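# Summary of structural features
If you want the building blocks of each chain, they are given just below.
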Amino acid sequence: MSKILVTGSLGQIGSELVPALQKKVGKDNVVGLDIREPKEDIGPFVNQNTTEREGLKAVLKDNDITQIYHLCSILSAKGELRPWQAWHVNMDSMRNVLALAVDMDIKKIFWPSSIAVFGPTSPRNNTPQKTIIEPTTMYGVTKMAGEGLCNYYFHKYGMDIRSLRYPGLISYKAPPGGGTTDYAVAVFYEALKSKNYSCFVSKDTVLPMMYMDDAIRGTLELMEADKSKLSVKTSYNMSALSFSAEDLTKEIQKHVPDLKVTYEPDERQKIADSWPQVIDDSRARKDWDWKHEFDLPKLTKVMLEKLGEKFAKEKS
Ligand SMILES: NC(=O)c1ccc[n+]([C@@H]2O[C@H](COP(=O)([O-])OP(=O)(O)OC[C@H]3O[C@@H](n4cnc5c(N)ncnc54)[C@H](O)[C@@H]3O)[C@@H](O)[C@H]2O)c1
């Protein structure tokens, strides 16, 4: 039985990936790790900074870890506030995970890249799997380097390291952690709370997005796919839908007609403008049968329902 470590387990993705993995391999076989403390019982958990190698080594050893989902990272917008801190956290953590995995014979790893690996010189529409990669954020630079390391560790050490270039992820369980696509989550919170939202990108900003359930299912499917079918050793383009900030507002207004959204672009607009609008993920669809299930109407309906239930629970 696999014994899995999930780093960054309290974040937007980790808080949904951990229960999904627990369902597959049993609660006791998934160990969450984060620099923060959980607010509730989420199963086995260790408080650890992944930039500290000795501490991380002890976690791997003490828990007999055989697989790692290495999620922890400083995201795009937060990373631009302190670029070298983002480099330190993202790269030193990855270096520790990879070096320890070799030392301790841990052969299977998942690590997410992002659409942020692309930059203004990449084609913005139908961005191919293989294209110019010249990111202009420090976050994107760390994703570019991380993808290179995935490829390097595969060739040098035969490591089975699998990766996805996630688009902006939309979810209700945990708030997003300082990315450029956070507006696509925040607008749902305000639709149900104040009915007013000031969006930090312009109304015509189009970015690739995905509902979290699709991202989690896709991640597990990639990890379960036959290794011989995986032709990409850096990171797979993975896509679901693309819409403008205004398209999203209009879809939410079908359910919440008195929602008012103003568009006041800030420094995050520049980051959004450097990223693709539509991703070509045909390689993922061909190699391991990737398919998304949530379109904009379905995603909007579920987000409003689930967030409504969450707020009602918090009140009672
Ligand atoms: N959420 C998205 O839309 C999105 C899109 C593309 C890629 N990704 C990638 O997916 C991964 C997870 O993203 P997320 O949205 O869950 O991020 P998040 O910011 O919500 O969560 C990251 C977690 O890592 C923890 N952490 C940070 N530094 C740490 C350290 N040094 N040691 C231990 N824990 C630390 C944080 O406390 C946090 O709980 C990241 O690699 C991110 O780049 C996310």
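Nothing here was measured: the structure is a model prediction, and the numbers come from that model. (Residues numbered from 1 in each chain as written. Predicted model: local features only at pLDDT ≥ 70, side-chain atom pairs only at ≥ 80, totals over all residues. Heavy atoms only, no water.)

## A word on the domain arrangement of the protein chain
- Partitioning the protein chain into structural domains gives domain 1 (4-168 + 211-237) and domain 2 (172-209 + 240-278 + 295-315).
- Counting residues at the interface gives 25 residues for domain 1 and 25 residues for domain 2.
- Buried area between domain 1 and domain 2, summed over both chains or domains, comes out near 2200 Å², and the portion from carbon and sulfur atoms is 58%.
- At the junction of domain 1 with domain 2, the criterion picks out eleven residue pairs in polar contact (both at pLDDT 80 or more).
- Counting residues per element, the ones that place at least two in the side of domain 1 that touches domain 2 are helix H1 (14-25), helix H3 (76-81) and strand E7 (125-127).
- In terms of residues, the side of domain 1 that touches domain 2 owes the most to one element, H3, which gives four residues.
- Taken together, the residues of the side of domain 1 that touches domain 2 sort by class into ten nonpolar, eleven polar and four charged. (Domains from an automatic or database assignment. Contact = heavy atoms within 4.5 Å. Buried area = accessible area lost by both parts, 1.4 Å probe. Polar contact = N/O pair within 3.5 Å; in protein donor to acceptor, adjacent residues only side chain to side chain. Helix = DSSP H or I, 4+ residues; strand = E, 2+ residues; numbered from the N terminus. Nonpolar A, V, L, I, M, F, W, Y, C, P; charged D, E, K, R; others polar.)

## Considerations on the side chain of Ser235
- Along the polypeptide, Ser235 turns up in the loop between helix H7 (212-224) and strand E13 (236-237).
- The exposure class of Ser235 is buried, given its relative accessible area of 1%.
- Separated by 3.3 Å, the side chain of Ser235 and the backbone nitrogen of Leu164 make a polar contact.
- In this structure the side chain of Ser235 is engaged in a polar contact, spanning 3.2 Å, whose partner is the backbone nitrogen of Arg165.
- Ignoring anything within four residues of it in the chain, the contact list for Ser235 reads Ser113, Gln129, Glu147, Ser163, Leu164 and Arg165. (Buried < 20%, exposed > 50% of the residue type's maximum accessible area, 1.4 Å probe, protein only.)

## A look at the nonpolar core
- Core analysis: the largest hydrophobic core is formed by 71 residues, its most contacted members being Tyr183, Phe188 and Trp288.
- Split by domain, the residues of this core number at least three in each of domain 1 (4-168 + 211-237) and domain 2 (172-209 + 240-278 + 295-315).
- Excluding residues within four positions of it along the chain, Trp288 makes contact with Leu164, Gly218, Glu221, Leu222, Ala225, Leu230, Tyr236 and Met238. (Core = buried A, V, L, I, M, F, W, Y, C linked by side-chain atoms within 4.5 Å.)

## A closer look at the site of the ligand
- Gln12, Asp34, Arg36, Asn49 and Tyr139 are the nearest of the 27 residues found near the ligand.
- Between the ligand and the protein, one listed contact pairs an oxygen atom with a backbone N or O atom of Leu71 at 3.0 Å.
- A distance of 2.5 Å separates an oxygen atom of the ligand from a polar atom in the side chain of Tyr139.
- Protein coverage of the free-state accessible area of the ligand, which is 830 Å², stands at 93%.
- At the level of secondary structure, the elements contributing two or more residues to the shell around the ligand comprise strand E2 (30-34), strand E6 (113-114), helix H5 (138-157) and strand E10 (168-170).
- Residues of the shell around the ligand, tallied by class, amount to 13 nonpolar, eleven polar and three charged. (Near = heavy atom within 4 Å. Areas by Shrake-Rupley, 256 points an atom, 1.4 Å probe, with all protein chains shown as cover.)

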